[in-house]
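Coordinates in review
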Amino acid sequence: MSATPLPRAHPGVERYLAQRAEDWQARLADAITAFAGSMPFVWLHAGAFLLWMLVAERTPWPTLTLVVSLEAIFLSTFVMIGQNRQAEVQRAKADHDFVEQEPGAQGQHGA
């Protein structure tokens, strides 16, 4: 039984990911985005909000409302960061493919 080799990532994407791995802010944003888009994030928040409502405050939970609103602002920012990252990945692929396919574009890749 032979092992099937894993498919190699697109060269433009590999180059983009290597550059992104050098930036600590990008790595942090990627980690937060990965966690915020997971079910553990949902369960953690459901539990924390339920606990807050039952123990920490009386109705109508004014501080909880403030915290949730602030969190929504930051999470929407991380959604936009994720969308920008996806656009950059697509751009890296397109740029690489353009350079590979166009005979006159070889000298323009670094520009």
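What counts as what
- Residues numbered from 1 in each chain as written.
- Predicted model: local features only at pLDDT ≥ 70, side-chain atom pairs only at ≥ 80, totals over all residues.
- Heavy atoms only, no water.
- Helix = DSSP H or I, 4+ residues; strand = E, 2+ residues; numbered from the N terminus.
- Contact = heavy atoms within 4.5 Å.
- Areas by Shrake-Rupley, 256 points an atom, 1.4 Å probe, with all protein chains shown as cover.
- pLDDT = per-residue confidence, 0-100.
- Axes fitted to C-alpha atoms, helices over the stretch in contact; angles between N-to-C directions.
- Parallel < 35°, antiparallel > 145°, perpendicular 65-115°, else oblique.
- Left-handed = near helix turned anticlockwise from the far one by under 90°.
- Nonpolar A, V, L, I, M, F, W, Y, C, P; charged D, E, K, R; others polar.
- Phe/Tyr/Trp six-rings, centres within 6.5 Å; stacked < 30°, edge-to-face > 60°.
- Salt bridge = Lys/Arg side-chain N within 4 Å of Asp/Glu carboxyl O.
- 1 Å grid on protein atoms, 1.4 Å probe; cavity = no way out; pocket = protein on both sides within 12 Å on 5 of 7 lines; lining within 4 Å.
- Points joined across faces, edges and corners; volume = space filled by probe spheres on them.

Along its length, the protein carries 4 helices and 0 strands. Reading the protein from its N terminus to its C terminus gives the helix and strand order α-α-α-α. The long-range share in the protein, meaning contacts at least 24 apart out of those at least 6 apart in sequence, stands at 55%. When the accessible area of the protein is evaluated, it comes to approximately 8700 Å², of which 66% is carbon and sulfur surface.

Here the focus is the confidence of the model for the protein. Of the residues in the protein, 86% have a pLDDT of 70 or more, and the chain-wide mean is 82. At the low end of the mean pLDDT range in the protein sits helix α1 (residues 11-21), at 78; at the high end sits helix α3 (residues 39-56), at 93.

What follows deals with the packing of α1 against helix α4 (residues 62-101). The contact between α1 and α4 brings their axes to 7 Å, and the two run at 135 degrees. With respect to each other, α1 and α4 are oriented oblique. Considering how the two elements wind past one another, α1 and α4 form a crossing that is right-handed. Contacts between α1 and α4 involve P11, G12, V13, R15, Y16 and R20 from the first element and I81, R85, E88, V89, A92, K93 and H96 from the second. Of the residues in the contact of α1 with α4, the class split is 6 nonpolar, 2 polar and 5 charged.

For the coordinates displayed, the defined rule picks out 1 aromatic pair. Summarising the aromatic geometry, the rings of F35 and F41 are spaced 5.5 Å apart at their centres and angled 85 degrees between planes, so their arrangement reads as edge-to-face.

With that out of the way, let us pick up the pattern of salt bridges. Under the definition given, this model contains 1 salt bridge. The salt bridge involving D30 is made with R85; its shortest N-O contact spans 2.4 Å. In this pair, D30 is assigned in helix α2 (residues 24-36) and R85 in helix α4, connecting sequence segments 55 residues apart.

What follows deals with the layout of surface pockets. Empty space among the atoms becomes visible once a probe the size of a water molecule is rolled across them. Space inside the largest pocket adds up to approximately 260 Å³. Taken together, 11 residues line the largest pocket, and the ones lying closest to its centre are Q19, E88, R91, A92 and D95. The dominant element in the lining of the largest pocket, judged by the number of residues it contributes, is α4, at 6 residues. Tallied by class, the residues present in the lining of the largest pocket amount to 4 nonpolar, 3 polar and 4 charged.

Take the packing of α2 against α4 next. Contact geometry for α2 and α4: axes closest at 10 Å, N-to-C directions at 110 degrees. Between α2 and α4, the angle falls in the class roughly perpendicular. As α2 runs across α4, the sense of the crossing is left-handed. Judged by residue contacts, A29, D30, I32, T33 and A36 of α2 engage L75, F78, I81 and R85 from α4.

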